[in-house]
Amino acid sequence: MNILSIARKEIKRDFRDIRTLIFMLVFPIVLMLILGTALTNAFSSSIQLGGMTLLYRVDAGSGAAAAWQTFMKGAAGSGVEFVKAEPGTDGKSKVEDNTYTGYADVTDKGVRYYGSSRSTLESSVIQGMLNVFADKYNLAAGVAESAPSKVGAVLAASARGDIVQEQSLNADRAPGALDYYAMSMTTMIVLYGAISANSLMRGEIARRTSMRLLASPVSRAEVFIGKIAGSIVLNLLCVVAVVVFSLLVYKANWGSHYGAVLLVLLTEIMFAVSLGLAISYFMKGEASRGVLMILTQIFSFIGGAYFPVGSGNGLWSYLPYLSPLHWENTALTQIIYADSVRGAIPAIGLNAGLAALLIAIAAFAMKRREGL
């Protein structure tokens, strides 16, 4: 009963701290909106191509010329504009001055293509189309030698574009900008809970209320457990409010496994609270708070709070794994976008294990003291 009373007192006291509530609630919500809006294009899976114009000259026999006409007909809806070169036109110079995306010289020996270095993406698209044309023409030439009657069927299939069927798998199962920052800002603000937990015992000493607590019929263990429980519950309420707001207002995707998401966030809260409490016993005054500020910033930076962290090379590829945020974001991504609840097990295990270790260290340090 004493534990519940202390936890309730801790929650009420923190709810009266308007600055802390604003930081825990408003700060992540505003950052979600700013970063999610400003970096929308960085998470877009669509690519906008510029105008693609192909200047061409055909100097080939009837077979290659007919195949080229069939190719242009089949590519009519691809976004490429075909322009026939007038006699005497220097196609390469037209590409060099960026008048055309590329220039194709079609002969019986093959296709010689010149692409613009100013429009590398568009030029690569056209080059890929020409590679397909060359492959199909070589196929038709091979068929002509063994079964001339089948040549028309091969060219017709190429014109229809049904040789290769393309299908995107789960293209929509990837986070957009607001989805990503709703997740990363939530896990980041949970980690900032370590800073408030740093004052759980130091605050009582600073307010000179620790002696009254010790003089009351309450054991130090009850005070210890009650204050930790109150801090965890308060942080959990704030996190749930942020998640619900992002879900309803920003339409962020939190998947369908809400229980698993909540369990990952709860264990992260436990880790953050225990981290802040443990450090408060080994560093005095504002030094412990400063260390926690530095740690949370480093964890946020290398853990992907502000931008997605790539695979990297060498040492950089291992840095994200040192950040709790990387564990949480990886677990949440697995839950939300891969429907894999099992993906949360590593993060939950690490959070719970480290939280238990840090709480044990803090309890041992408190036991060696006379006060809190």
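Residues numbered from 1 in each chain as written. Predicted model: local features only at pLDDT ≥ 70, side-chain atom pairs only at ≥ 80, totals over all residues. Heavy atoms only, no water.

Note: strand β3 (residues 102-107) against strand β4 (residues 110-115), six bridges, orientation antiparallel. Pairing of Ala 104 across the sheet is with Tyr 113, part of β4. Here β3 hands over to β4 after two residues, the two strands then running antiparallel side by side. (Pairing = 2+ DSSP bridges. Helix = DSSP H or I, 4+ residues; strand = E, 2+ residues; numbered from the N terminus.)

This part covers the side chain of Ser 274. Here Ser 274 lies in helix α12 (residues 258-282). With near-sequence residues (within four places) excluded, Ser 274 lies in contact with Leu 354, Ala 355, Leu 358 and Ile 359. (Contact = heavy atoms within 4.5 Å.)

Let us look at unusual backbone geometry. If you check the backbone angles, Asn 98 has positive phi at about 65° while not being a glycine. Mapped onto the elements of the fold, Asn 98 is located in the loop between α4 (91-96) and β3. Even without a glycine there, the phi angle at Lys 251 is positive, about 60°. Residue placement: Lys 251 occurs in the loop between α11 (220-248) and α12.

With that settled, consider the packing of α11 against helix α15 (residues 345-367). The N-to-C vectors of α11 and α15 enclose an angle of 145°; their axes lie 11 Å apart at closest approach. Taken as a pair, α11 and α15 cross one another with a handedness that is right-handed. In this structure, α11 contributes Arg 220, Phe 224 and Ile 228 to the contact, and α15 contributes Ile 359, Ala 362, Ala 363, Met 366 and Lys 367. (Axes fitted to C-alpha atoms, helices over the stretch in contact; angles between N-to-C directions. Left-handed = near helix turned anticlockwise from the far one by under 90°.)

The full count for this structure, using the stated rule, is three salt bridges. Lys 9 is the salt-bridge partner of Glu 10, the closest N and O atoms lying 3.8 Å from each other. What makes Lys 9 partly exposed here is its relative accessible area of 33%. When the shortest N-O distance is used, the salt bridge between Glu 10 and Lys 227 registers 2.7 Å. A residue pair is termed long-range when its members are at least 10 positions apart, and Glu 10 in helix α1 (residues 2-15) and Lys 227 in helix α11 qualify at 217 residues. Take Lys 227: its relative accessible area is 1%, and that puts it in the buried class. (Salt bridge = Lys/Arg side-chain N within 4 Å of Asp/Glu carboxyl O. Buried < 20%, exposed > 50% of the residue type's maximum accessible area, 1.4 Å probe, protein only.)

Scanning the entire structure with this criterion turns up ten aromatic pairs. Both rings, one in Phe 23 and one in Tyr 192, keep their centres 5.4 Å apart while their planes meet at 75°; by these two values the pair is edge-to-face. Of this pair, Phe 23 sits in helix α2 (residues 18-38) while Tyr 192 sits in the loop between α7 (177-191) and α8 (193-197), and the two are 169 residues apart along the sequence. Judged by relative accessible area, Tyr 192 falls into the buried class, the value being 6%. (Phe/Tyr/Trp six-rings, centres within 6.5 Å; stacked < 30°, edge-to-face > 60°.)

Reading across from one edge, β2-β1-β3-β4 is the order of the four strands in this open sheet, with mixed pairing throughout. Here the strands that pair on one side only, and so sit at the sheet edges, are β2 (80-84) and β4. Each neighbouring strand pair of the sheet contributes to a mean axis angle of 25°, computed without reference to strand direction. As judged from the five bridges shared by strand β1 (residues 52-59) and β2, these two strands associate in the parallel manner. Bridge pairing links Leu 54 to Phe 82 in β2.

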